[in-house]
Amino acid sequence: MGLVRERFFTPRLKFKTYDELNAWLTDKVIAYAKAHPHPERPEHTIWEMFEEERPKLVAYRGRFDGFHALPASVSKTCLVRFDNNKYSVSAGAIGRPVEIYAYADRIVIRQEGRVVAEHPRCYGRGETIYDPWHYVPILARKPGALRNGAPFKDWVLPAALERARRKLAGSDDGDRQMVAILAAVLTDGLPAVESACAQAMSEGVHSSDVILNILARQRDPGPAATILTPDALTLRHAPVADCARYDQLRSA
């Protein structure tokens, strides 16, 4: 490891992400392999020997799933503490234990085998990492939190949803209407709600009732296609609508 550090990490470098580090390191390792002779067969470079051996190597099966797992509890504010930082989880996870899977680049939180949160891993101290969607179910009880709640500060919504939020900001019940639209994302999905908002904006309306009505129409499959009756099944003697026939049956 000391030799590797001397070759590739002197002077010490800084990278914003692991992907950026790995891309840079891959380029450097390949360049080194192409420029230096193989220790056992110096007439060939390291890269040439690698290319010769490549067909015999075990096939790549994907990234190694390496993580550190540990149990944790969820606070009443939908937060889990790990490594001096806090991460939000879905509101439905409150009150039950969870398990943290700490990867080098991300934090995955599971509850009873189901993923209730996933965040990029933070290496700072005292940070709180929110996912605003985790708190949308709570907004049904406290719609005013949409304006000043910590999870929703600087929340960047898709374009059509953001336009709807700006339009509704001037209404007396704008928060309540916006919460109803956001809640629909949990059941209909973000693309469907985004499309419904865009359609409503194009028609010059922005109320939650209109947007939710558009969503309901999108869910409705519509009337079934008319089936054409084959000639062989067409009735030759259509029944006659004659209610008097019932009287005849009664008297018989």
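Note: the structure precedes this text.
Residues numbered from 1 in each chain as written. Predicted model: local features only at pLDDT ≥ 70, side-chain atom pairs only at ≥ 80, totals over all residues. Heavy atoms only, no water.

Observations concerning helix H6 (residues 159-168)
Buried within H6 we find Ala160, Leu161, Glu162, Ala164, Arg165 and Leu168. Contact partners of the buried residues in H6: helix H7 (174-188) and helix H8 (190-202). (Buried < 20%, exposed > 50% of the residue type's maximum accessible area, 1.4 Å probe, protein only. Helix = DSSP H or I, 4+ residues; strand = E, 2+ residues; numbered from the N terminus. Contact = heavy atoms within 4.5 Å.)

Some words on the packing of aromatic side chains
Tallied over the full model, the rule gives 8 aromatic pairs. Ring centres of Phe67 and Tyr103 lie 5.3 Å apart, and the angle between their planes is 50°; this geometry places the pair in the tilted category. Here the residue Phe67 occupies a position in the loop between helix H3 (46-53) and strand E1 (68-72), and Tyr103 occupies one in the loop between strand E4 (98-102) and strand E5 (106-111), the gap between them amounting to 36 residues. Judged by relative accessible area, Phe67 falls into the partly exposed class, the value being 35%. Considering the side-chain rings of Tyr130 and Tyr135, the 5.8 Å spacing of their centres and the 70° angle between planes classify their relative orientation as edge-to-face. Three or more aromatic residues joined by ring pairs make a cluster, and in this case those are Tyr130, Trp133, Tyr135, Phe152 and Trp155. (Phe/Tyr/Trp six-rings, centres within 6.5 Å; stacked < 30°, edge-to-face > 60°.)

A word on the sheet that holds strand E6 (residues 114-120)
The sheet built from 4 strands is open, its strands ordered E1-E4-E5-E6 with antiparallel pairing. Edge positions in the sheet fall to E1 and E6, since each has one partner strand and no second. Taken over all neighbouring pairs, the strand axes of this sheet differ in orientation by 20° on average, direction set aside. In this sheet, E4 lies alongside E1 in antiparallel orientation, the contact comprising 5 bridges. The residue of E4 that forms the bridge with Ala72 is Val98. (Pairing = 2+ DSSP bridges. Axes fitted to C-alpha atoms, helices over the stretch in contact; angles between N-to-C directions.)

Concerning the nonpolar core
One finds Leu146, Met178, Ile181, Leu182, Val193 and Cys197 to be the most contacted residues of the largest nonpolar core, which totals 28 residues. Of all elements in the fold, only helix H4 (136-139), H6, H7, H8 and helix H9 (208-219) reach the threshold of two or more residues within this core. In terms of residue count, H7 provides more of this core than any other element does, 6 residues in total. Discounting residues that sit within four places of it in the chain, Ile181 has contacts with Leu161, Leu168, Val193, Cys197, Ser208 and Ile211. Ranked by size, the runner-up nonpolar core spans 16 residues in total, among them Tyr87, Val98, Ala102 and Cys122. (Core = buried A, V, L, I, M, F, W, Y, C linked by side-chain atoms within 4.5 Å.)

Concerning unusual backbone geometry
With a phi angle near 70°, Asn84 is a residue other than glycine that sits in the positive phi range. By the secondary structure assignment, Asn84 is in the loop between strand E2 (79-82) and strand E3 (85-88). Residue classification places Asn84 among the partly exposed positions, given a relative accessible area of 36%. One non-glycine residue, Glu112, adopts positive backbone phi at about 55°. By secondary structure assignment, the location of Glu112 is in the loop between E5 and E6.

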